[in-house]
Each structure stands twice: as C-alpha cells, then as structure tokens.
Amino acid sequence: MGAYFQNIKDGFTTAFEGMSISFATMFVRKETVQYPEVDISSNATIAEKYKGSLMGMPENYRGILDVDLSLCTACQICQKACPIDCIVIDNIKCDKTKLSDGDGSPVLNRFTQKEALKTRTVTRFDINAAKCMYCGLCEKACPTSAIRHTNQFEMNRESQEELILRFVSDDVKATAEKRASEIEAEAAAKKAAKAKKAQEEKAKEKGAEE
Amino acid sequence: MDATLISIGLDPLTAKITSMVIISVIVLLAFVTIGGILTLVERRISGFMQSRLGPNRVGPQGALQWVADGVKLILKEDLIPEGADRKLFRIAPYFCLVGIFGTMVVFPWGKGVIVADLNVGLFYFISITALVVFGVLMAGWSSNNKWSLLGGMRAAAQIVSYEIPVGMSLLVPILISGTLSMGGIMASQGWLPWEWMVFKSPFAVLSFIIFFIGSLAEANRTPFDLPEAESELVSGYCTEYSGFRYAVFFLSEWANLFVLGGLTTSVFLGGGNLPGALEGFTILSVLVYLAKVAVVIFVVIWLRWTLPRFRIDQLMSLSWKYLLPGAFIAFLGQAAYMLLTQHTPIVQSIIAVLMFLVFVFVLIRFGLKVRVSINEQRIPVNSPASNVS
Amino acid sequence: MTSALKTEYLTINMGPQHPSTHGVIRFILKTDGEIIYECDPDVGYLHRGIEKIAESVTWQGFVPYTDRVDYVCAMNSNLSYCMAVEKLMGMETEIPKRAEYIRVIVSELNRISSHAVAIGAADMDMGAFTPFVHFLREREHINDLLEMACGARLTYNYICIGGVHNDLPPAFLSKTAEFLDHFEIVVEQINRLISYNQIFIKRFANVAVVPPKMAIDYNLVGPNLRGSGIKFDVRKDKPYSVYSDLDFDIPIGSGRAGTLGDCYDRYMVRVEEIRESIKIIRQCLKQIPAGETKAIVKSTIKPPKGHVYFRTETPRGDTGYFLYSDGKTSPTRLKIRTGSFTGMSIIPEIARGVFIADLVAIIGSLDIVAPELDR
Amino acid sequence: MMGIPELFFYFFTIMVIGIGCIVAFSKNLLRSAFALFFVLFGVAGFYVLLGADFLAIVQIMVYAGGVNVLLIFGTMLTSDISTPKTSSLSFQGTLTVIAGVTLFVLLAIIINSGNWPTYVPGEMMPTTKDLGKLLLKEYVLPFEVVSFLLLAAIISAVVLVKKGD
C-alpha cells in the first residue's frame, strides 16, 4: 500500500520537475543556426547575426578539395595516399615554366631552382568530389601544400559528372602536351644528334682502326 | 438565417436545410482553421522547449506553415495499400472527424454562446467522441498492416477503458452543479478563481486531476499516445494513410486537443464567466473563454514534450488501479462533503479559498524551480572569454 | 483450459526501416498480441565489408574507414586501430606524451557525445523527444570542439599512427574546460527531466534483466556488462595510453530501480560514465604537457610479419582489432570485434515474453549501433 | 408538407433497415460489425425524434461506443485477420426458418395488441431528472437487482480470466 501512494507521489513530483525544465528551456536562447542567412564560415562572422552558443567553422575545416597547380609537382603522393582513389593524376615530362594557366597568365613556378619540378607537369588532375570522404590524408601527405581542403561544403550539382572536379583545363593540357611533344622532339633530336655523333665517332674509330 | 433565406424565395424546408448546411460549413471551416493553427502552435512550442525555433519560414514567424502543410497533403497521392479493405479504409478518417466535430453542437464558446444548450450536453459530449475510437479501429483494421492493427486495438482498449474514469470523475461537477447541460454547469461557477469548479471542494480537485489525465488518454496525447507510438508502432493506425485522408486524421487529432481544452475549461475552470459589472459583453466572455482554453492547450502540449510514454500494461493499470478508485473516492467523497457542508456555505468558501492559495503556493514553487533551471542553462559555453589559450 | 484455446502467433516484421531500430536492423517477431514470443534478429543490412576493404588499402589509409565502423564514436575507433598498428610495429613507447593526452581528451569527449546520443535515443524510444534534442544540443558543442581540433564534425580521422595529425588549436583547452563546467550541470538537469522520471523508470526497471552470469555467457562488453554489476573496464583492468595515470571510477549497475542488470541499470551506467569522462578530461587538461604530437613515421609503413590483437574501451564496450601482417603495405587480415554485436546476440534471449514496447527499450538500453554491428 | 422531423424519421428508417440488411447478409464478419454501428446510431436517432434525449445518448455511449467496439475487438482477435471470410449467412434448415417466423409473428402480435401512445411530444422536455427519480424511488429494487446481476457477471468474468493464468 505504501508503494501505491509512493508511486502516485513520485509520478507527480518527477513530472513537475521535468515540466519545470522544459518550461525553462523556452526562455533560454535558441541554438538553431538559420544557415543561409547566418554566415557560418568563421567564429567572427557567425557572431554577427547569431545569438546561440555554437561555433562557426574552424580554419582547418575539411571541405571540398582545392588544388593550387602552381605548387603542384605532379608527384602523385596524394593519389597514393587517398584510400578510395578519388584523385586521378596524369603527368608528362614538361617544362612547367613555359606553360600558361587557363586565363592566359603564366603559371609561376616558385620552385624553379628544383630541376625535378621543371621536368614534370600534370595534364590531368581530377578529384571525384562525390567519392571523396574528406579524410584529409592527401592534404597531410602533400609535400608542397598544393592540395588542401577549403571551407566550401555546398556541393549540390545537377549530375554526378559535375562533381568530378577537373583542375587542369583542356587548354593547359593541350599546351602542356604540345610542349611535352616539343621537349620530346628536342630530346629525340638531341638523342638523334648524339647517336649520329656517336656513330660518326664509331665510324671514325673504325676508320682509324682500319 | 432561415428568415433571410425564406425572404429570398425558398420554401421553409429548403431554407432550413440550406441554413443547416451553411452553418455546418462555417463550423467545419472554423474547426479546420483551429486544428491547423494548433498544429503550428504545437510545433513552435515544441521547438522552443527543445532550444529550436520550429517552423518559421512560411509567412511571418511561420504563421502560414499550416496552410502550406495542408496544401501539400491535399496535393499528395492518395495511396490505398494492396489488400486493404478499400471501402472501410476510405471511410475511416471521416469517423474521427465526425466524432470531434459533433461536439461542436454543445460546445460553449462563452457565456450564452452555444449552438444547442442540450439538457444532456455533457453526456452527449462524452458519447459522441466514441465515434473516434470507431474510426481508429476501422483504420487500423482496414489498412491490412499489422502495425496498424496493433495501433487500432491499442486505441480501442485505451479509449474504452479511460471512458470510465473520465465519466466517473465528471459526476463530481454534475453533483455540484446539479445539471448535465454545459450552460448550466458554466453558470454554476463564478469568475473568481476560487469560484471555479476545480476549487469548490478537495474532491473536485481530485476529480479534475483524474478527468484531465483520462481525457489526455482519450485524446491520444503523450504520455498516452500508444495508438500511434512512432517508436513502437511506426505510426499506429495511420501508418498506411497518406495525402488528404492523413490530413483529416491529423486535423481531427488537433481539433480534439481544442475540444479537450474547451471541455476542461467550461466544466472545471469557470468557462467564460465574467464579473457582474461586465455581464453581457459576449465578445469579452468568448475571449476569456478562449484564453483559458489556450492555457489548457499549452499545458497539454507542454506535457507532451516533457513526459515519456507509458507501456500498454502500465496504461491499463493506471486506469483501473489508480484513476478508477480515485474517481469513486471523489464521487462518494463529494457526496459526503456536500451533505456535511450544505448548511454552511461559508465553510465551503473558506475551503475553496484555501485550496486556491495552495495552488498559488505550488505555482510559486514551480516558478522558483524554473528560475533555477534557467540559470543552469545559462552557464556559458563557447563564450568570448574562453578564446584565450 | 489454456491448452484448449489455440492461439495463432502473429508474425511481424520490425524493420529494416523502423523508427526505433536506429539504422537498418531487422527483427522478425512472433507475437501473441503485444507479447513477444520469439524475436529473431536479422543483421547485415548495413554491412559494408570494411574488414575486406582493409586488405586493399594502406595501413594509414584504413584510418578513415575506422571512422565509419562506428560513426557515433569515431575517435575511439581511430584510437583502437592506431594503437593496434603501433603495437604491431612495436612503437608504443615512441608516442609523444602530449599526443597521448590529446588522444585521451578527444576520445573521452567523443565517449561523452556517444553516450549522450545513446541515452537520448533511449529516451526518444520511450516517447520523450525533448531530452533527445537537449542531448543533441550539448553534443553539438562537443562536435564544435572536435571540429576545432581536426576540421570535421563526425568522421574525424584525427588520431593517426604515431600520434595525432596536428596539435590542438590554442583555445581548445580553455573552451573544453568551459564546456565541461556547462555540461556537468546540464547533464544533471536533463537527468532530472527524464532519467529520474517515474514513468521512465517504470518503463526501464525490471525489464530485460541480464544476470551477471548470463552477461558473461553472452559475452557482453562495456556498459552493458557493467550494467549487470560486473566491474570490468579495459581502461582500468588493462590500461593503455595514459589511463593508468588518471584517477577515475568504474560505475556499475546496482539494481537501483528494480533488479540488477535491468534496462535502467544499463542506462544509468552510461549516465555515470559521462560524469567519469568529465573527471578524466579535467585531469588531462591539468596534466597535459607541451611538446611534439607525432612520432616520426614513414609515409608508407610496412609493419613486421606477425599478428596482434589490441583492445580498447569504446563507448559500446571492449572493441578489439586483430591485425595480421605479412610485412606488406596493407593488412593481410583485419578483424574488428565490436560491442554491438554481442549486445545484439543477447536480444533473442531477453526479449522473450516481453511487450513490443519493451523490445524498443531493450534496443535502446543495449545501445546498438547498426554500422558497428554489421561493419 | 414534410417537416424536418419527418425527413429525419424516414432517413433513419431507411438507414436502419438498409444497413441492417448489410449486417445480416454481409459475407465479411467485420464489415457486419462495423455496419451494426450505423444501425445502433439510427436507433438512437429514433429516440431523439421521440424526445428521449437521455436514452438516445445512452444508446450511443453504451451500445455504439462500448458494446459494438468490444464486438469488433473480439472479432478482430478471434478471426484470421488477413482473410476474414467468415460469413454470417448460414441457413441451418427448417429450425431457423421456424424460429424466425415465430419471432416475427410474436412481435407482430405484440405490436398490434399493445396500446401505444401515438403522439409526438411537441416540445423536447428534459427526461433526465424524471428518469433519475424513477430509478432511485419507484424502481429502486429492480434497479438494484440488475446491478447485482452485473456485479456477479463482472466477478465471474474476472474469475474466468484469472483461471487462465
């Protein structure tokens, strides 16, 4: 019988307690972030219009990947680091300093002193943003910080095809390929000349022997 | 209205029927509006209780959200599941609707504002809502879905067993006022809080609590929302419904909330009574009444967003082991109380005032608790002061 | 008399898409009205073959996948795997002290957020939606903190083989301290809102009792095991990282509302573990040294031939990683042993003769997370 | 000229007879049970037309809201819910015909020989108070006997259920 009345008492007091809390919550700030109106890109901008206590995006936010081709050395480390193979890089032997970007401005190579950089350039740098899982491993692996996460996260596109980010435009690719073929031709010419020379020398030697 | 219609050349019978139809349509539209607005109110309040904003995009502060929802539901495809009993499936939502709208006949909007002050008004009120359980059972069975069936059965068991304590607890106000008509019960109370039915005697308080809990269960509100417990039965009896029929179910559910508030207000909370000096201002009376209804509705919504749900056996034991004996005690106690104090009205008034003071004391205790909770939630997190390393 | 009445059992399909199965789990129920006669769990709807994937990615490349093993507590999964690889490579002692402390801080923060979700989801299953949202509100703050540390809100990939990827931002420690002061009080408030509610207690008490012996027989781990009154916690009994330097208690169930090992005990063990985690983080914040956060590790590691099994305490219990290396750049075999799976295996046993509503309570109190269950 | 009450009378009559036929002849047991509701409701309508407001409400509350719901409940629990094809239409030979005809004849005789008040009360008078007085003064003994019978029924129901445990 005691338990019976205890049940009734507990039922009322605990419900009373709970109701006081849910009522109190009505008078405390709301945590909802009204996203498109409130700029959430950093702690300072979110504070402008938002009264709650959530933070804005941090500086190291891992959003959509971006590549700075001027820094890229086409070393393919990021491609190897990516666990799901969403990065595809093709490269060819090319003199990077002579290339120009899509808009015509020359691609500045800040690492001209490094011979290795001169010799290779990307002709294809595709990141499949639909596949990417934003783990940040490519960013950490990149020796020149060319690939990095931006704080962009809106990626609604009409088709999956559009989600494949192509960082090397066809123009650049064409130029690079052209340049590469030039280099190749030069190299071939050089090689041919060298071979001819060698042959000549050989012939000379032969002649001398004879 | 009849006279106007007759004057434009209709014969009396047609005129009468036309006016009936017109009034029905008006009441229906009014109820649709009330039900719609209540869905919005509920969502906003629940948002506030959960540190959210709730729907606030359609119209100023989301005021037109319910219209948007309604339009969306009406435009949706009306699916009838394979193997369903099509006739019963189609007709079921309207039972719920009729059950709730039927109460409009005796719904007292204020002092003297009542369509038909039936002599058995209160009784009619309880019995016409039995149509709801019929609709729910029908929906549950005809959907050809086992979850719906379980929901329908739960609803039937629940509503049938809670009708008893609710009916019993309403006997106390009937005993006090000596009438079954809604207008009569309202007239037997005064405008001052201690003249309300609920404070008239300790047993009236008990019966009020039992009535309130029981009618929550009859309206399928949390903590008694077992028929449509979303975490157990997916959506109970309306799992298979979509589009317009679903809207009808929900409309009747929220209209039921309003009816619950109205019944509680007019029977226990003094209805639309005004002080003697203001007697005759019907609009004011309606406003007072609606304000009280709003408070009751708020409490019901508040309970819903605070309490967890009962289990089916606990629900039954609450009804049969707690509420029903309580209702009997209230009824018998009230009879004894009336016998003892019938010649000393002054004692009755003193007890009423004392009980009101107890209520005020509880309110103050509650306010203090709320203040503590507010302060607890205001403890800063991510404050500018914490930016230093 | 009962034998004369032949009743047919009602076969109900609960899931794979059911509001209370928390993901895609399916139960085939045979019920007698509302009372469950037989419950047959059907798992595998969220199987992604993570263990097989491991055989084709590099050792470091698998770390982001461990985020997905149990996305409610990704940090703890990361920690488990990374420490297993470190043990395989024999470099446990090379991990900088600061990195160890950071690992403990972030994984305990993640434990809090995971328990908050578990408790909140259990509340929601009981029909109380508000506590769930309150817990999610607090979890957002933890997400903010972890996002500050690593830049992601759910799949962190912060802990790496050899330490952590980057040092904590300057304001992290002070913000965490402030959050803990806030949360310690708010969690008690939410408990007053729901955990001590009479209806809630009645729903959870005496339901699905798991006696200590049954808990061991069915190999329950973590809070589910401790709910049955058995004091076993990997952090205490087989300490790893810097847990041996920290002072904390292991909360166990005591049958405070009914029987030892009922749903309410399992639930309250989680609530108290939140308090213990707060204690642990406070100590770490005080003791954290300055210094490096990552040992020198090659970009492509090739652990020596051999195998290792390493267990850590994640919010869902004793999570073990078995690694088998052939000295190649990727694991030859990897096996994950998770708490949800053992939790699931006990359901048919304890869900016999209970109400459908109780089955929901059981799933909630066992804290079953579908991705961790199926991997 | 037909007034509103007449209109309603014919409406209720057609409803009760028509839906009564569905109750009797429907092949689906549950549909019969659902249709029974309309019959009970129609009868309540007759009570209202006869000025017996209290009786009408009791009819809806007890029969439509209580008994009929329990009937449906029971039907749902007993029959195979996925294929409810149990028919209430089953002729069991001459015995049924005899019983039916006898009942009909008896009812006809009673209706014809009874002295029924044939006027419709002009104004609806409240009947609640009179009913209460009659029940608690003149007919208190039958009233109590009936309640005793109901109590016995409830207790025996409880005992029967208890045995099943």
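Our structure is the block above this text.
Anyway, here's the lowdown on the structure attached to this text.

All names here are of chain C. Considering all chains together, one arrives at 45 salt bridges over all chains under this definition. Across the pair Asp181 and Arg282 runs a salt bridge whose closest N-O atoms are separated by 2.9 Å. With Asp181 in helix α6 (residues 172–195) and Arg282 in helix α11 (residues 263–287), the pair connects residues that are 101 residues apart, well separated along the chain. The partner of Lys279 in a salt bridge is Asp249, and the shortest N-O contact between them spans 3.5 Å. Remark: Asp249 occurs in the loop between α10 (234–237) and α11 and Lys279 occurs in helix α11; sequence separation between them is 30 residues. For Lys279, a relative accessible area of 31% translates into the label partly exposed. Of the residues examined, Asp249 reaches a relative accessible area of 43% and is grouped as partly exposed.

Here we take up the interface of chain C and chain B. Listed as interface residues are 46 residues of chain C and, on the opposing side, 36 residues of chain B. The junction of chain C with chain B conceals about 3700 Å² of combined surface from both sides, 58% of it contributed by carbon and sulfur atoms. Along the contact surface separating chain C from chain B lie three salt bridges. C:Asp358 is paired through a salt bridge with B:Arg311; the nearest N and O atoms lie 2.9 Å apart. Connecting chain C to chain B are 15 residue pairs in polar contact (both at pLDDT 80 or more). Those elements that provide at least two residues to the side of chain C that touches chain B are β1 (10–14), α4 (97–125), α5 (129–150), α6, α7 (198–204) and α14 (356–366) of chain C. The element contributing the most residues to the side of chain C that touches chain B is α6(C), with 12 residues. Per-class residue counts for the side of chain C that touches chain B are 23 nonpolar, 13 polar and 10 charged.

Residues and elements named next belong to chain C. With a phi close to 50 degrees, Asn157 is a non-glycine residue in the positive phi region. With respect to the element layout, Asn157 can be found in the loop between α5 and β4 (159–160). In the Ramachandran plot, Ala208 falls in the positive-phi region, its phi being about 50 degrees despite a non-glycine side chain. Structurally, Ala208 can be placed in the loop between α7 and α8 (212–217).

Here the focus is empty space enclosed by the protein. Residue and element names in this part refer to chain B. One pass over the full model with this rule turns up seven cavities of 30 Å³ or more. Taken as a whole, the largest cavity encloses approximately 230 Å³ of empty space. As for the largest cavity, its lining consists of 16 residues, and the residues nearest its centre are Thr129, Ser215, Glu218, Asn256 and Leu263. Of all elements in the fold, only α5 (121–128), α7 (146–177), α9 (202–218) and α11 (243–268) reach the threshold of two or more residues within the lining of the largest cavity. The class makeup of the residues in the lining of the largest cavity is 11 nonpolar, four polar and one charged. Taken as a whole, the second largest cavity spans an internal volume of roughly 100 Å³. For the second largest cavity, the lining is made up of 14 residues, of which Val132, Asn220, Tyr237, Glu253 and Asn256 are closest to its centre. For the lining of the second largest cavity, the elements supplying multiple residues, two or more each, are α4 (86–101), α6 (130–142) and α11.

Taken residue by residue, the interface counts 30 residues in chain D and 28 residues in chain B. Taken together, the two surfaces of chain D and chain B that pack against each other cover about 2800 Å², and 84% of this comes from carbon and sulfur. Remark: the boundary between chain D and chain B carries zero salt bridges. Looking at the side of chain D that touches chain B, the elements with two or more residues in it are α1 (4–25), α2 (29–49) and α3 (53–78) of chain D. Ranked by residues supplied to the side of chain D that touches chain B, first place goes to α3(D) with 14 residues. Class assignment of the residues belonging to the side of chain D that touches chain B gives a composition of 23 nonpolar, five polar and two charged.

Parameters at a glance
- Residues numbered from 1 in each chain as written.
- Chains lettered and ligands numbered in written order.
- Predicted model: local features only at pLDDT ≥ 70, side-chain atom pairs only at ≥ 80, totals over all residues.
- Heavy atoms only, no water.
- Salt bridge = Lys/Arg side-chain N within 4 Å of Asp/Glu carboxyl O.
- Helix = DSSP H or I, 4+ residues; strand = E, 2+ residues; numbered from the N terminus.
- Buried < 20%, exposed > 50% of the residue type's maximum accessible area, 1.4 Å probe, protein only.
- Contact = heavy atoms within 4.5 Å.
- Buried area = accessible area lost by both parts, 1.4 Å probe.
- Polar contact = N/O pair within 3.5 Å; in protein donor to acceptor, adjacent residues only side chain to side chain.
- Nonpolar A, V, L, I, M, F, W, Y, C, P; charged D, E, K, R; others polar.
- 1 Å grid on protein atoms, 1.4 Å probe; cavity = no way out; pocket = protein on both sides within 12 Å on 5 of 7 lines; lining within 4 Å.
- Points joined across faces, edges and corners; volume = space filled by probe spheres on them.

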